[in-house]
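Chains, contacts and geometry: an overview
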Amino acid sequence: MPTNLTLGEFIIQNQEHFPYSSGELSSLINAIRLASKTVNHEVNKAGLVDIVGAHGETNAHGEDQQKLDVLANRVFIKALQNREIICGLASEEEDDFINFDIDSKANNNKYIVLIDPLDGSSNIDVNVSVGTIFSIYRRVSKLGAPAQMEDFLQKGHAQVAAGYVVYGTSTMLVYTTGKGVHGFTLNPALGTFYLSHPDMKFPKSGSIYSINEGNYFHFPEGVKLYIKYCQASGVNRPYTSRYIGSLISDFHRNLIKGGIYLYPSTKNHPNGKLRLLYECNPIAFLAEQAGGKATNGYKRILDINPKQLHQRVPFYCGNTEMVNRLEGFLAQ
Ligand code: AHG
Ligand code: MN
Ligand code: MN
């Protein structure tokens with residue numbers, strides 16, 4: 001049920017939901033909230049870039065016009081760097097993780113963040129929803145030194161918080177700290193996020209399947225069989241096919257309406273396309289908190305031991321009973 005609670009008030013009221021200090025959580029979410037408003041503003045005028053930014057013009061800040069995913073990357077890094085919470089950050093847009101140890105104070109910070117600053121960026125040019133994904137861990141390396149690779153290569157079940165922002169018909173911030181999934185909608189006139197979707201859960205059953213079917217001939221046999229199952233007649237079937245091509249938007253719709261998202265291995269992407277650390281893990285954490293399930297077809301996503309920052313995995317996520325059935329077909 002929608003309420004008039006703001007995101008800031010909600011964090012304060014639910015302090016005990018965060019296993020560590022509430023001040024740290026507020027500061028983290030505040031940084032993300034702030035950055036997301038800036039990115040939201042940029043996304044909303046994306047169509048104007050060619051007009052406003054023609055002839056190599058610079059923007060209001062005197063900077064060259066940038067691709068939005070590069071811009072979103074900078075905005076989030078800057079917002080998170082300015083807090084005394086994060087010691088390092090990894091991003092889809094950066095080859096290596098970044099240490100915030102320019103002032104050695106940051107070496108005493110306890111958290112690291114992984115982000116996909118702009119997910120679904122190919123949809124920007126055609127005015128279709130995109131998003132930002134974030135994943136937060138406590139560091140495991142020693143305080144007082146720069147962040148280490150081991151801080152970023154933790155299993156997904158160690159996440160302390162994760163979430164996304166979807167820049168859609170309205171802008172929403174959805175996050176979990178392991179005590180349910182809560183969604184906040186931005187009132188653009190006031191610049192305030194309000195709790196609009198408390199304790200989000202997948203509906204009991206779903207009837208949407210989301211997959212890039214153009215890759216059909218390159219899917220594993222089990223996935224092909226499952227797609228035929230989705231298309232055959234039965235209770236609630238044939239299912240409806242919906243695919244936006246922004247993981248965040250596809251997941252958000254399936255969470256609300258009930259459905260399954262699939263990105264299997266394909267010819268071009270033998271290990272799947274999606275990245276474990278800043279796409280699949282945060283979405284898997286949210287999915288489980290919402291009563292759903294996320295696997296690579298055989299194993300829980302949150303139990304995978306990461307080996308590389310930009311590692312890819314096949315990804316199946318959504319209503320538990322739908323993911324279970326898919327796994328059944330893969331096991332055949
Ligand atoms: P990104 O824009 O961050 O690179 O992510 C794109 C991802 C994901 O959002 C989406 O679900 C998927 O790529 C779509 O891939 P296909 O175009 O291969 O279907
Ligand atoms: Mn992405
Ligand atoms: Mn991206």
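Everything in this summary refers to the structure shown in the same document. (Residues numbered from 1 in each chain as written. Chains lettered and ligands numbered in written order. Predicted model: local features only at pLDDT ≥ 70, side-chain atom pairs only at ≥ 80, totals over all residues. Heavy atoms only, no water.)

1. Section: the coordination of the manganese ion (ligand 2)
- Only Asp116 (OD), Asp119 (OD) and Glu279 (OE) from the protein reach the manganese ion (ligand 2) as donors, at distances of 1.8 to 2.2 Å.
- Within one chain, the residues donating to the manganese ion (ligand 2) are spaced in sequence as D-x2-D-x159-E.
- The distance between the manganese ion (ligand 2) and the manganese ion (ligand 3) comes to 3.8 Å, and Asp116 binds to both of them. Of the two residues, Asp116 sits in strand β3 (residues 111–119) while Glu279 sits in helix α8 (residues 276–289), which places them 163 residues apart along the sequence. (Donors = N, O, S within 2.8 Å, 3.2 Å for Na, K, Ca; no water. Helix = DSSP H or I, 4+ residues; strand = E, 2+ residues; numbered from the N terminus.)

2. Details of the pattern of salt bridges
- Throughout the structure, instances matching the rule amount to ten salt bridges.
- In this structure, Glu221 and Lys224 form a salt bridge, with 3.3 Å as the shortest nitrogen-oxygen distance. Of this pair, Glu221 and Lys224 both sit in helix α6 (residues 221–231), three residues apart, which is roughly one turn of that helix.
- The class for Glu221 is exposed, based on a relative accessible area of 53%.
- Under the relative-accessibility criterion, Lys224 is labelled buried at 14%. (Salt bridge = Lys/Arg side-chain N within 4 Å of Asp/Glu carboxyl O. Buried < 20%, exposed > 50% of the residue type's maximum accessible area, 1.4 Å probe, protein only.)

3. Some thoughts on the packing of aromatic side chains
- As enumerated under the stated definition, the model contains 14 aromatic pairs in all.
- Taking the centre distance of 6.0 Å and the plane angle of 20° together, the rings of Tyr226 and Tyr229 count as stacked. Placement of the pair is Tyr226 and Tyr229 together in helix α6, with a separation of three residues, close to one helical turn.
- Note on Tyr226: relative accessible area 1%, which makes it buried.
- Where Tyr229 meets Tyr239, the ring centres are 6.2 Å apart and the plane angle is 80°; that geometry is what we call edge-to-face. In this pair, Tyr229 sits in helix α6 while Tyr239 sits in the loop between α6 and β10 (240–241), placing the two residues ten residues apart along the sequence. Both residues of the pair, Tyr229 and Tyr239, count as buried.
- Through a chain of ring-to-ring contacts, three or more aromatic side chains come together here, namely Tyr226, Tyr229, Tyr239 and Phe329.
- For the cation-ring pair, Arg138 lies above Tyr20, with the distance from its terminal atom to the ring centre recorded as 3.9 Å.
- Residue placement shows Arg237 over the ring face of Tyr229; its charged tip is 3.7 Å from the ring centre. (Phe/Tyr/Trp six-rings, centres within 6.5 Å; stacked < 30°, edge-to-face > 60°. Lys NZ or Arg CZ within 6 Å of the ring centre and 35° of its normal.)

4. With respect to the site of ligand 1
- For ligand 1, the set of nearby residues contains 16 residues, the closest of which are Asp119, Asn212, Tyr243, Tyr261 and Tyr263.
- Between an oxygen atom of ligand 1 and a side-chain N or O atom of Asp119, the distance comes to 2.6 Å.
- Within the backbone of Gly120, an N or O atom sits 2.8 Å from an oxygen atom of ligand 1.
- Bound to the protein, ligand 1 loses 81% of the 470 Å² it would expose on its own. (Near = heavy atom within 4 Å. Polar contact = N/O pair within 3.5 Å; in protein donor to acceptor, adjacent residues only side chain to side chain. Areas by Shrake-Rupley, 256 points an atom, 1.4 Å probe, with all protein chains shown as cover.)

5. Some points on the pairing of strand β5 (residues 161–167)
- Across the seven residues that make up β5, a large majority, seven, are buried.
- Of the two faces of β5, the one lined by Ala161, Gly163, Val165 and Tyr167 and the one lined by Ala162, Tyr164 and Val166 are each fully buried.
- Of the pairings in the sheet, the one linking strand β4 (residues 130–138) to β5 comprises seven bridges and is antiparallel in character. Paired with Val130 across the bridge in β5 is Tyr167.
- Where β5 meets strand β6 (residues 171–176), six bridges bridge the pair, whose relative direction is antiparallel. Bridging across to β6, Ala162 finds its partner in Thr176.
- Between β5 and β6, which pair antiparallel in sequence order, lie three residues. (Pairing = 2+ DSSP bridges.)

6. A word on the sheet that holds strand β11 (residues 259–263)
- Taken in spatial order, the five strands of this open sheet run β10-β9-β11-β13-β12, and their pairing is mixed. The sheet terminates laterally at β10 and β12 (292–295), the two strands that pair on one side only.
- In the packing of helix α9 (residues 320–331) onto the sheet, the strands contacted are β9 (208–210), β11, β12 and β13 (315–319), and the crossing angle to β13 comes to about 140°. (Contact = heavy atoms within 4.5 Å. Axes fitted to C-alpha atoms, helices over the stretch in contact; angles between N-to-C directions.)

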